[in-house]
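This is what each chain is made of:
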Amino acid sequence: IQLTQSPSLLSASVGDRVTLSCKGSQNINNYLAWYQQKLGEAPKLLIYNTNSLQTGIPSRFSGSGSGTDYTLTISSLQPEDVATYFCYQYNNGWTFGGGTKLELK
Amino acid sequence: EVQLQESGPGLVKPSQSLSLTCSVTGYSITSHYWGWIRKFPGNKMEWMGYISYSGSTSYNPSLKSRISITRDTSKNQFFLQLNSVTTEDTATYYCARYYYITYFDYWGQGVMVTVSS
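Description of the structure in this document. Computed from a predicted structure; not experimentally measured.

## Examining the sheet that holds strand S3 (residues 18-25) of chain B
Residue and element names in this part refer to chain B.
Right, on to step 1. Overall, antiparallel pairing links the four strands, which are arranged S1-S3-S8-S7 in an open sheet. Whereas interior strands pair on both sides, the edge strands pair on one side only; in this sheet they are strand S1 (3-7) and strand S7 (67-72). Each adjacent strand pair in this sheet contributes to an overall mean axis angle of 20°, direction not counted.
Right, on to step 2. In terms of strand pairing, S3 meets strand S8 (residues 77-82) through six bridges, oriented antiparallel. Bridge pairing in S8 places Leu 18 opposite Leu 82.

So, in structure tokens, the structure goes:
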């Protein structure tokens, strides 16, 4: 399964509601996770099984979707959310999306 | 808390073997599954393979002839060996805990490996 993330680059302001998209080439059956990676750091698991928030992750992060289309939403963007975000599917094999780089406007 | 740390040479010559170590603290590698992932320049990430709590392994078919993942349970470490490397193997390599062969929930910081003569 191939994953396509959009946009590849997103500029937003502090406080904005931000939506990142991940589209699969086949049905993912909700076996989708989202990762945040800040420069020079290890990837951090944010969301698994489409909409389950990993322990310790702020509630401003949420996931949704079904079938081939999935979304990560940040309800109110904070400066510390500047990072690259990856989606990852584990329904059929294991593949990563190409990433969305989120920057402050 | 589970912590992972990769180590190994940052420069490997073409046609040689790449060997990396992942040292795990806070959790025994005889439980769960443990994997390797790499991130190429330009951000593409690739699932490489894993080793299970029992020592069984599974590899990305695109790497199957070149990759080996092993472990030393006495040191709570697992290892990646990638043979016959080319410049296309230049990447940052990560080890991670693989939650029941689904998603990776704990990651190391990564080690950048450059393949160059």
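Moving on from the coordinates now.
## Re the interface of chain B and chain A
Right, on to step 1. With 17 residues of chain B at the contact, the number on the chain A side is 18 residues.
Right, on to step 2. Between chain B and chain A, roughly 1500 Å² of surface is buried when both sides are summed, and carbon and sulfur atoms account for 62% of that area.
Right, on to step 3. On the chain B side of the contact with chain A, Met45(B), Tyr103(B) and Trp107(B) bury the most area, a combined 38% of that side's loss.
Right, on to step 4. Our count for the contact surface shared by chain B and chain A stands at zero salt bridges.
Right, on to step 5. Our count for the chain B to chain A interface comes out at six residue pairs in polar contact (both at pLDDT 80 or more).
Right, on to step 6. Within the side of chain B that touches chain A, the residues separate by chemical class into 10 nonpolar, four polar and three charged.

Each value, and the rule that gives it
Residues numbered from 1 in each chain as written. Chains lettered and ligands numbered in written order. Predicted model: local features only at pLDDT ≥ 70, side-chain atom pairs only at ≥ 80, totals over all residues. Heavy atoms only, no water. Pairing = 2+ DSSP bridges. Helix = DSSP H or I, 4+ residues; strand = E, 2+ residues; numbered from the N terminus. Axes fitted to C-alpha atoms, helices over the stretch in contact; angles between N-to-C directions. Contact = heavy atoms within 4.5 Å. Buried area = accessible area lost by both parts, 1.4 Å probe. Salt bridge = Lys/Arg side-chain N within 4 Å of Asp/Glu carboxyl O. Polar contact = N/O pair within 3.5 Å; in protein donor to acceptor, adjacent residues only side chain to side chain. Nonpolar A, V, L, I, M, F, W, Y, C, P; charged D, E, K, R; others polar.

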